[in-house]
Amino acid sequence: MVLRPPVEPMLAQAREALPSPGALPGDLVFQPKWDGFRSVIFTPDSSPGLVLLQSRRGAFLQDRFPDLVRAAAHLPDGWVLDCELIVTDQGAMSFEGLQRRAAARGRTAARLADILPAHAVVFDVLQADGQELLTTPYAERRARIEGLFSACQLAAPWTLCPETTDTALAREWFTTWTDVPGIEGLVVRGSRQRYLPGARALIKVRRRDSAEAIIGAITGTPDHPRGLVLGRFDEAGVLRAVGRSTPLRGDASRRVAARLTPAGQGRGHPWEGVRFTASWGSRTPLDVVLVEPELVAEIEVDTAQERGAWRHPVRLARLRPDISTGDVPPFGAVARPGRPSSGAVRRHRRGTPTRPHRRPPVEGP
């Protein structure tokens with residue numbers, strides 16, 4: 001059976017810690033989790049034919065990434081590759097650049113391809129040489145990908161996703177590689193795992209760090225806050241929004257409510273007239289209640305930060321009434337490594353390297 005688009009990619013469920021051996025079929029295989037756009041790339045069944053780039057939700061992206069289409073034209077016919085699309089800006093991964101590429105078409109897409117080159121990090125294959133591989137164990141699928149890279153001598157814009165079965169090395173990757181913008185954590189799969197379209201059959205573990213921010217607004221009501229809108233002061237003393245929290249539950253909501261002060265009328269709250277949206281990149285307005293920006297929260301954040309703000313919802317760890325807003329790091333400051341929870345991935349001290357692959361291939365994927 002030849003696969004036809006759209007095909008749902010296999011997904012991952014979030015965990016707080018690395019899984020134990022036996023959690024997935026076969027040996028555990030660890031790969032870096034890339035902060036990009038998931039894509040399934042189809043080469044034509046036979047030449048001449050069209051190369052198709054499909055998004056996670058089934059939309060076609062080939063008109064936005066003409067550089068990848070040109071590169072894929074040199075691949076063999078009948079392949080379906082599971083990849084993460086990333087974009088580099090001056091040698092570093094840029095999610096903002098990726099968003100610009102994904103929104104552009106025509107001449108703009110061609111121009112951006114020159115200044116914001118796209119790369120495909122390949123981590124799985126669904127079909128090879130016209131042979132569907134969904135029931136083939138992952139270790140055999142990986143061997144087919146490695147054979148493709150070797151036979152075609154693939155280089156940029158193609159990257160073979162690094163992986164390891166060594167748990168100690170995976171922990172080291174989790175510590176060092178996630179310092180690089182664009183690497184969020186680890187994805188774990190099983191060596192004997194089949195490819196299950198649409199199923200959350202993989203495991204992902206994001207690095208989470210600690211940070212402080214100022215509560216400037218809430219969703220819900222001051223008596224029953226449902227979420228926090230957080231900010232930090234920039235160099236000019238302007239309170240800039242840096243993120244939204246996940247929903248507050250029970251005791252957390254009551255603790256926040258006990259210390260909030262609703263914004264006073266006519267006192268010039270720094271966010272008066274500011275329009276908030278429901279999520280990063282969304283245009284859906286978010287109704288908020290302004291509060292006096294005097295309460296500091298310690299939060300847990302992941303590494304997905306863009307223009308000084310966290311793209312994904314942050315978690316409230318605790319309130320910090322013991323510190324003032326002036327003690328909060330300035331807008332744009334990097335979070336500090338957090339305290340790992342029980343069983344979580346441990347952060348090691350960095351000493352003399354004893355293993356290879358301490359940095360991800362970001363300069364020339």
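Computed from a predicted model, the values in this text were never measured in an experiment.

K.L.:
What's the story with the nonpolar core in this structure? I'm lost.
P.N.:
Generally speaking, soluble globular proteins have nonpolar side chains that are buried together. I41, L53, F65, L81, L85, V122 and W158 are the most contacted members of the largest nonpolar core, which has 30 residues in total. Mapped by element, the contributors of at least two residues to this core are α1 (66–72), β5 (80–89), α2 (95–103), α3 (106–115), β7 (118–128) and α4 (138–152). Of all the elements, β7 adds the most residues to this core, at five residues. Apart from the residues within four sequence positions on either side, V122 is in contact with L81, D82, C83, I145, F149, W158, T159, L160 and C161. The next biggest cluster of nonpolar side chains, apart from the first, holds 21 residues, and it includes V121, W173, W177 and L186.

K.L.:
In this structure, what is going on with the sheet that holds strand β11 (residues 200–206)? I would like to understand it.
P.N.:
Through backbone hydrogen bonds, the strands of a sheet pair up, either in parallel or in antiparallel fashion. Ordered in space as β1-β11-β10-β2, the four strands form an open sheet in which the pairing is mixed. Edge positions in the open sheet fall to β1 (11–14) and β2 (28–34), since each of these has one partner strand only. Neighbour to neighbour, the strand axes of the sheet diverge by 40° on average, direction disregarded. Pairing between β2 and strand β10 (residues 183–190): seven bridges, direction antiparallel. Each residue of the ladder has a partner; that of K33, found in β10, is G185.

K.L.:
Sorry if this is basic, but what is going on with the packing of aromatic side chains here?
P.N.:
A ring pair, where both rings are aromatic, is described by two values, the distance of the centres and the angle of the planes. For the coordinates displayed, the defined rule picks out three aromatic pairs. Relative to W177, the ring of W173 lies with its centre 4.4 Å away and its plane at 15°, an arrangement referred to as stacked. For the pair shown, W173 and W177 are each scored as buried. Measuring from centroid to centroid gives 5.3 Å for W271 and F276, while their planes differ by 70°, and the two rings are edge-to-face.

K.L.:
What is the right way to read unusual backbone geometry from this model?
P.N.:
Trans is the prevailing form of peptide bonds, just as negative phi is the prevailing case for residues other than glycine. P5 connects to P6 through a cis peptide bond whose omega is 0°. A cis amide bond, omega 15°, links A156 with the succeeding residue P157. Examined against the element boundaries, P157 turns out to sit in the loop between α4 and β9 (158–160). The backbone of Q90 sits at a positive phi, close to 55°, despite the residue not being glycine. For Q90, a relative accessible area of 80% gives the class exposed. Of note in this structure, Q153 is not a glycine but carries a positive phi near 50°.

K.L.:
Looking at this structure, how should I read helix α5 (residues 167–176)?
P.N.:
One turn of the α-helix equals 3.6 residues, which is why residues spaced by three or four share an orientation. In terms of residue burial, α5 counts as a mostly covered element, since seven of its 10 residues are buried. L169, A170, E172, W173, F174, T175 and T176 are the residues of α5 that are buried. Looking at the packing, one finds that the buried side of α5 touches β2, β10 and β11.

K.L.:
Please explain the pairing of strand β3 (residues 37–42) as it appears in this structure.
P.N.:
The two faces of a sheet get side chains in turn, since along a regular strand they alternate between them. Burial analysis of β3 places five of its six residues in the buried class, which makes it a mostly covered element. The sheet contact formed by β3 and strand β4 (residues 52–55) spans four bridges and is antiparallel. Each residue of the ladder has a partner; that of F42, found in β4, is L52.

K.L.:
How should I be thinking about the side chain of R101 in this particular structure?
P.N.:
With respect to the secondary-structure elements, R101 resides in helix α2. At a separation of 3.2 Å, a polar atom in the side chain of R101 contacts the main-chain carbonyl oxygen of R64. Aside from chain neighbours lying at most four places away, what touches R101 is R64, F65, P66, D67, V87, A109, L112, A113, L116, P117 and A118.

K.L.:
Please explain the environment of H224 as it appears in this structure.
P.N.:
Residue position: H224 is located in the loop between β12 (209–220) and β13 (225–233). Taking the C-alpha atoms as reference points, H224 and R254, 30 residues apart in sequence, are found 7.0 Å from one another. Beyond its immediate stretch of four places on either side in the chain, H224 contacts T219 and S253.

K.L.:
Can you help me understand the pairing of β11 in this one?
P.N.:
Counting buried positions along β11 gives five out of seven residues, so the element sits mostly inside the fold. Sheet topology places β1 next to β11; four bridges connect them, and they run parallel. Across the sheet, L11 pairs through a bridge with R200, a residue of β11. With four bridges joining them, β10 and β11 adopt antiparallel strand pairing. Bridge pairing in β11 links L186 to V205.

Rules used throughout
Note that residues are indexed from 1 along each chain, following the sequence as it is written. Local features in this predicted model are restricted to residues of pLDDT 70 or higher, and side-chain atom pairs are both shown and tallied only at a pLDDT of 80 or more, whereas totals for entire chains, interfaces and linings draw on every residue. To obtain the side-chain values, all non-hydrogen atoms of the structure were included, while hydrogens and water were left out. Side-chain atoms within 4.5 Å link the members of a nonpolar core, which is a set of buried Ala, Val, Leu, Ile, Met, Phe, Trp, Tyr and Cys residues. Relative accessible area decides the class of each residue, using a 1.4 Å probe on protein chains only: under 20% of the type maximum gives buried, over 50% gives exposed, and in between gives partly exposed. Segments assigned H or I by DSSP are reported as helices when at least four residues long, segments assigned E as strands when at least two residues long, and all are numbered from the N terminus. By the convention used here, residues are in contact when the closest approach between their heavy atoms is within 4.5 Å. Paired strands, as defined in this entry, are two strands with at least two bridges between them according to DSSP. For helices, the fitted line uses only the C-alpha atoms of the stretch in contact; every axis is such a line through C-alpha atoms, and the angle between N-to-C directions lies from 0 to 180 degrees. Within 6.5 Å between ring centres, the rings of Phe, Tyr and Trp (the latter by its six-membered ring) count as paired, and their orientation is classed by plane angle as stacked under 30 degrees, edge-to-face over 60, tilted in between. For the purposes of these results, a polar contact is taken to be a pair of N or O atoms within 3.5 Å, where, inside protein, one atom must be able to donate a hydrogen and its partner to accept one; residues adjacent in sequence count only when each atom of the pair is a side-chain atom.

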